[in-house]
Amino acid sequence: MMRAGGLLKLAVLVSILFLAVFLAFELFENHMNFNMGKVFARNAPPENVPTRPPRHKCGLSKSCPEEHFAFKITSGAASVVGPKICFQDNVLISGVKNNIGRGINIAVINGKTGELTKTDSFDMWSGDVALLIKFLKEIEDGSIVMMATFDDPATKLNEEARNLIADLGSSSISILGFRDNWVFVGGKGIKTKSPFEQHIKNNAETNKYEGWPEVLEMEGCIPIKHE
């Protein structure tokens, strides 16, 4: 009986010993796996997180350099959707602002500060061209002048009005015709022709809309005036 009891105790001790060794190995293995996991996590390449492309003023395709104003200008679409003029991320003229009209839409900006001076529209189908001429003559030197057409911009234009707009740097005003689309950015007192101008003729064979050409959109960067 004593020998049987001793063997039982020995079996229990051996079992406890094996269990202790097994638990020790399990703890060691888990610790190693945890440490290796931290190492791999530290060295793993970052996940590809989609990032939004940067947004530029007025939705331009790229940002303007320092000492430049950003702008985007869109002509009207037929006689349905009016033009839109954005300057330094501020919408100056649009249908939403309810300050557009048939004919030529104009925004005048201080070329030094970028502040809006005034906006107006002039009906060149049934309006008075004298109002446009008066407006153009009152623009101060150093001003940035932005123009966009809507519907018909040219029926009432006369030589005096065209010459005043040409003096702002326009190259296309002399040939602007019935229902043409035209966008232009010039300046009062400019010494050269403006690089910011687009013109498309009303042509029944090429018009995108029935009776009207396609919409024009132009963007760019205007140097701040320091003089």
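Use the structure listed above.
What you see is a predicted model; the values in this text were computed from it and never measured.

Trainee: Go over the packing of aromatic side chains with me, naming the residues and quoting the values.
Mentor: Tallied over the entire structure, the rule returns five aromatic pairs. An angle of 45° between the planes, with centres 6.0 Å apart, marks the rings of Trp125 and Phe178 as tilted. Of this pair, Trp125 sits in the loop between strand E5 (116-122) and helix H2 (129-137) while Phe178 is found in the loop between helix H3 (159-166) and strand E7 (181-187), placing the two residues 53 residues apart along the sequence. On the accessibility criterion, Phe178 (40% relative accessible area) is partly exposed. The ring of Phe135 has Lys118 lying over it, and the distance from NZ or CZ to the ring centre is 4.6 Å. Stacked on the ring of Trp212, the Lys or Arg Arg179 has its end atom at 3.9 Å from the ring centre.

Trainee: A description of H2 should follow, citing residues and the corresponding values.
Mentor: Residues of H2 that are buried: Val129, Leu132, Ile133, Phe135 and Leu136. Considered in projection along H2, the buried side chains sweep an arc of 160° and stay on one side of the axis. Those residues of H2 that are exposed and aimed more than 90 degrees away from the buried face are Leu131 and Lys137.

Trainee: If you had to explain the sheet that holds strand E9 (residues 217-223) to someone new, which residues and values would you point to?
Mentor: Ordered in space as E3-E2-E1-E9, the four strands form an open sheet in which the pairing is antiparallel. Across the chains shown, the open sheet's two edge strands, defined by having one partner strand only, are strand E3 (90-93) and E9. Averaged over all pairs of adjacent strands, the angle between their axes in this sheet comes to 25°, without regard to strand direction.

The rules behind these values
Residues numbered from 1 in each chain as written. Predicted model: local features only at pLDDT ≥ 70, side-chain atom pairs only at ≥ 80, totals over all residues. Heavy atoms only, no water. Phe/Tyr/Trp six-rings, centres within 6.5 Å; stacked < 30°, edge-to-face > 60°. Helix = DSSP H or I, 4+ residues; strand = E, 2+ residues; numbered from the N terminus. Buried < 20%, exposed > 50% of the residue type's maximum accessible area, 1.4 Å probe, protein only. Lys NZ or Arg CZ within 6 Å of the ring centre and 35° of its normal. Arc of directions from axis to C-beta. Pairing = 2+ DSSP bridges. Axes fitted to C-alpha atoms, helices over the stretch in contact; angles between N-to-C directions.

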